[in-house]
Amino acid sequence: MTINEHNEENVNANLDIPNEDSDKVTKNEKTSSEEVQQHLDTTDSTENQTDKFTNAIQTDEFSSDSSKPTDYTISLPSINLADFTDKLKQFNKLDLEDKESSLKEWSEVNKEATNFYTVGGLYQDRFTDETSKFYQGIKNQAGELNTISTPKFRKTEGELKGEAAILKVSKMLGLGDVINVPLPHSGIWVTLKPPTEKDLIDFYNSIFREKIMLGRATFGLTLTNFSVHINNRLFDFIIKHIHSLNYNDINKEELKNYLLIHDFPILAWGFACTMYPNGFEYQRSCVNDIEKCSYIAKAKLNLTKLLWIDNLSLTDAQRLILEEFRPNKLTIENYRKFINEHTRVIGSSFTTKNGIKFKLRVPTFSEYITDGLAWINGVNSNIENIILRESEQDKEDDEKIEMLNQYVKTSILRQFNHFIDYIELEDNVITDRDTINKVLEVFSSDDDIRTEITENVLKFKSKTTIGIIGIPEYNCPKCGKPQNTSPVNEKFVSVIPLDTMNLFFTLLTLRISRILEREV
Amino acid sequence: MSNFLYGYNISYDDFIDEVIKCFKGTKDYFYNKQLLIELYETKYGICDHVNTTNPLASVQFNQAEDYFSDTLYHSYLSNFVYRDLGKKLNMSFDDFISRPRYEIEAMLRIIEDVDKKKSKMNDDIMKDLENNKPKPFNTE
């Protein structure tokens, strides 16, 4: 998933409904919600099982009543994407855009909230998997949950040195909050320091600069894949704010070689938690029956409560390793043991209809970046070759269009290449990265194989994820109705996975800018 | 605020379609390149080369690509100067933005509250003074 794909999805997924009676809408004039519907129907349908089973157990309240007026309120989804799509069908006939309508605000809240769905409801099926059990942390041997937390400084006598001394002094003076963040796929705990605003501004400016340069250098053709660059920058930025890891022989500069890609959103979320230790204001609208209730609930969200970890997918040995979150306590052997113990975060394979076998892997962050940047560089040179070079100018327009079309399709598969470990063709195995990429380009031109590979990779991505950032569904405080259609008791809840990266960047820019814009 | 997200609502496929539709290349490499740049700038909302009358449009500095003058740094600086934060907080601008965000938010909020209270107190005092102003002595 890329930020850009996400945005494409959500640009389509707006709630605008024409300001006219549904009778007047001709067959050719689809309402926006119908378009949304159509669009959503084509996305992953695995989340359609949500009303059958929920496996997430909520022990911590994630929000509290908001009494004060707020500077900036972020809108989050009320129900999962599949149910929301169904609701849209029901709301089709309502006039949501009428300025006088009380539903206008409801519509705006939902429009913004759709920005934070994962693409195609990715990971939603994990919360209906009967072989999983999600808690808001990792259950230790004593039965307590270990999750994101502020490290406790032991009372020690004698000399205190270096960064530990600075952190302790900062904490005593209330000047900063460091937090421990679990990365359950990689078996690592990182201790993060909050960034200063100056750091954030520099970071923001640097990715903005990069976007400008890259856009101009590639005529905008790589900007839709810009997320690789952003993620790379963000990772480097977070690294600068890591105080320590729980491994003695993994230093933070090497972390990208050890961190599995599924942990990156959790790392970004942990980093956001350091920026907002006091939570932030958010709102959700009642979608149970819009004709009866369109109440918008406002509350303060505790970001630290949004991590859900599938405890059934961790072995006892892994849980034991994850119990040690103190800095520098574990060794590389512990890391290897943790990775080898995985029962879910492991490679798997699938065979296409024409007998080609793909072995999939969960890549490290480093592997993701290497393959991602190679893909972008490939885009540049290919586009140049197709469009600009003199040698291509003699080609007929139709031929060029075909080349470009083929290239577009090619690029769709290349964005998943980091998940492909190797390819088996009869008795041969392809392991070389460049060759895998070229083979993917060949496969890409076949619509059937391309769809088959894309679906399998997305399924694999979801299946191998055991730590997800998500917000539980809720009962409307006004009408009391549950937002989802399945029965929910006090402990078992259905969780809506959130697009962490989008949330992070929204928090980075919008929230503070609203505060700054108020007075001056 | 300048918009870092310019062009984010454009899908890759749509953009390629647009390139295919609009791009009529020649054998001149540099001409082709310039054409693509203009297509990119127009489609991404950076500069509308179709409707512009500016003959220097091809080399102008575009507002959308200005990452400095209307961004976070600029807003902080404006706030710091206009609200006289240096004096109120007894810190330099560098000290101010070298704090974590939640501290800055807290400082801004408190300063705003204090300013409001001060302003209300001033208004109240002025009203009191106005109401209690000695009435002109009646000489008749």
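None of the values given here were measured: they were computed from a predicted structure.

Colleague: I would appreciate a short explanation of the overall build of chain B in the present structure.
Modeller: When its secondary structure is counted, chain B shows six helices and zero strands. In chain B, the succession of helices and strands from N to C terminus is α-α-α-α-α-α. Looking at chain B as a whole, 36% of its 140 residues are labelled buried. By element, 56% of the accessible surface of chain B is carried by carbon and sulfur atoms, the whole surface being about 9,000 Å².

Colleague: How do you make sense of the domain arrangement of chain B when you look at a structure like this?
Modeller: A common measure of how large an interface is: the accessible area buried when the components associate. For chain B, the assigned domains read domain 1 (12-65) and domain 2 (72-131). Taking only C-alpha atoms into account, the centre of domain 1 of chain B sits 45 Å from that of domain 2 of chain B.

Colleague: Just to check I follow, could you spell out the nonpolar core for this structure?
Modeller: In summary, soluble globular proteins display a tendency toward joint burial of nonpolar side chains. Formed by 123 residues in total, the largest nonpolar core has its most connected members in Val190, Leu234, Trp269 and Leu303 of chain A. Top contributing element to this core by residue count: helix α9 (residues 264-275) of chain A, with nine residues. Look past the residues within four positions of Trp269 of chain A in its chain and what remains in contact with it is Ile148, Val181, Leu303, Thr304, Leu306, Leu307, Ile469 and Thr500 of chain A. Core analysis: the second largest hydrophobic core is formed by twelve residues, Leu72, Tyr76, Phe80 and Leu108 of chain B among them.

Colleague: So what exactly am I meant to see when it comes to α9 of chain A here?
Modeller: All names here are of chain A. Compared with the 16 Å implied by 1.5 Å per residue over twelve residues, the 17 Å span of α9 between its first and last C-alpha is a close match. Along α9, eleven of the twelve residues are buried, which leaves the element largely enclosed by surrounding structure. Those residues of α9 lying buried are Phe264, Ile266, Leu267, Ala268, Trp269, Gly270, Phe271, Ala272, Cys273, Thr274 and Met275.

Colleague: For this particular structure, what's the right way to read the confidence of the model for chain A?
Modeller: The predicted coordinates should not be examined in detail at positions where pLDDT is low. Residues and elements named next belong to chain A. With 71% of its residues at a pLDDT of 70 or more, chain A has an overall mean of 78. Element-level mean pLDDT values for chain A span from 35 in helix α1 (residues 3-12) up to 97 in helix α11 (residues 332-341). A low-confidence stretch, residues 1-51 (pLDDT under 50), is modelled with 101 contacts involving residues beyond four sequence positions or located in other chains. For the stretch residues 485-489, pLDDT sits under 50, and the model shows five contacts to residues farther than four places along the chain or on other chains.

Colleague: Explanation requested: the sheet that holds strand β9 (residues 242-245) of chain A in the structure shown.
Modeller: Note: strands within a sheet are paired through backbone hydrogen bonds, in either parallel or antiparallel orientation. All names here are of chain A. Reading across the sheet, the three strands line up as β7-β8-β9 and stay open at both edges, with antiparallel pairing between neighbours. Both edges of this open sheet fall to β7 (179-183) and β9, since each of them pairs with a single strand only. In this sheet, neighbouring strand axes are inclined to one another by 25° on average, regardless of whether the strands run parallel or antiparallel. Where strand β8 (residues 188-192) and β9 come together, three bridges link them in antiparallel fashion. What sits directly across from Thr191, in β9, is Ser244.

Colleague: Would you take a moment to explain the sheet that holds strand β13 (residues 348-351) of chain A for this structure?
Modeller: All names here are of chain A. Across the sheet, four strands lie side by side as β13-β14-β15-β16; this open sheet has antiparallel pairing. Since the sheet does not close on itself, it has two edges, and those belong to β13 and β16 (428-430), each with one partner. Direction aside, the axes of adjacent strands within the sheet are offset by 20° on average. Inspection of the sheet shows strand β15 (residues 420-425) paired to β16 by three bridges, in the antiparallel sense. Bridge pairing links Leu425 to Asn428 in β16. Where helix α14 (residues 433-444) meets the sheet, its contacts fall on β14 (357-360), β15 and β16, and the angle it forms with β15 comes to roughly 65°. In the packing of helix α15 (residues 447-463) onto the sheet, the strands contacted are β13 and β14, and the crossing angle to β13 comes to about 160°.

Colleague: Would you explain the environment of Phe325 of chain A in this entry?
Modeller: Residue and element names in this part refer to chain A. Within the secondary structure, Phe325 is located in the loop between α10 (316-323) and α11. Sequence separation between Phe325 and Pro151 is 174 residues; the distance between their C-alpha atoms is 9.2 Å. Excluding residues that lie within four positions of it along the chain, Phe325 makes contacts with Asn146, Asn180, Trp189 and Asn246.

Colleague: Which parts of the structure should I look at to understand the packing of aromatic side chains?
Modeller: Each aromatic ring pair is described using two quantities: the centre-to-centre distance and the angle formed by the ring planes. Residue and element names in this part refer to chain A. For the structure on display, the rule yields 24 aromatic pairs over all chains. Ring centres of Phe84 and Tyr117 lie 6.1 Å apart, and the angle between their planes is 35°; on these two criteria the pair is classed as tilted. Here the residue Phe84 occupies a position in helix α3 (residues 81-90), and Tyr117 occupies one in the loop between α4 (103-113) and β4 (134-135), the gap between them amounting to 33 residues. For Tyr117, a relative accessible area of 5% puts it in the buried group. Taken together, a centroid distance of 6.3 Å and an interplanar angle of 25° make the contact between Phe203 and Phe505 stacked.

Colleague: How should I be thinking about the pattern of salt bridges in this particular structure?
Modeller: Residue and element names in this part refer to chain A. Per the stated rule, a full pass over the model turns up 25 salt bridges over all chains. Linking Glu367 and Arg361 is a salt bridge whose minimum nitrogen-to-oxygen distance equals 3.4 Å. Note that Asp447 is salt-bridged to Arg450, the shortest N-O span being 2.9 Å. Of this pair, Asp447 and Arg450 both sit in helix α15, three residues apart, which is roughly one turn of that helix. Ionic contacts of the salt-bridge type, sharing partners, join the residues Arg126, Asp129, Asp310 and Arg344 into one network.

Colleague: Explain a nonpolar patch on the surface here, please?
Modeller: Together, Met121, Ile125, Met126 and Leu129 of chain B make up a nonpolar patch on the protein surface, roughly 440 Å² of accessible area in all. Position of Ile125 of chain B relative to the elements: it lies in helix α6 (residues 101-131).

Colleague: Would you mind going over the state of the cysteines with me for this structure?
Modeller: What makes a disulfide is a covalent bond joining the sulfur atoms belonging to two cysteines. Residue and element names in this part refer to chain A. For the structure on display, the rule yields zero disulfides over all chains. Cysteine Cys286 remains unbridged, with the sulfur of Cys479 as its closest cysteine sulfur at 3.7 Å. We classify Cys286 as buried; its relative accessible area is 0%. As a non-bridged cysteine, Cys476 has Cys479 as the owner of its nearest cysteine sulfur, 3.7 Å distant. Residue classification places Cys476 among the buried residues on the basis of a relative accessible area of 2%.

Rules behind the numbers
- Residues numbered from 1 in each chain as written.
- Chains lettered and ligands numbered in written order.
- Predicted model: local features only at pLDDT ≥ 70, side-chain atom pairs only at ≥ 80, totals over all residues.
- Heavy atoms only, no water.
- Helix = DSSP H or I, 4+ residues; strand = E, 2+ residues; numbered from the N terminus.
- Buried < 20%, exposed > 50% of the residue type's maximum accessible area, 1.4 Å probe, protein only.
- Areas by Shrake-Rupley, 256 points an atom, 1.4 Å probe, with all protein chains shown as cover.
- Domains from an automatic or database assignment.
- Core = buried A, V, L, I, M, F, W, Y, C linked by side-chain atoms within 4.5 Å.
- Contact = heavy atoms within 4.5 Å.
- Expected span 1.5 Å × (residues − 1).
- pLDDT = per-residue confidence, 0-100.
- Pairing = 2+ DSSP bridges.
- Axes fitted to C-alpha atoms, helices over the stretch in contact; angles between N-to-C directions.
- Phe/Tyr/Trp six-rings, centres within 6.5 Å; stacked < 30°, edge-to-face > 60°.
- Salt bridge = Lys/Arg side-chain N within 4 Å of Asp/Glu carboxyl O.
- Patch = residues over 30% accessible without salt bridge, like charges linked within 9 Å, V, L, I, M, F, W, Y side chains within 5 Å.
- Disulfide = S-S within 2.5 Å.

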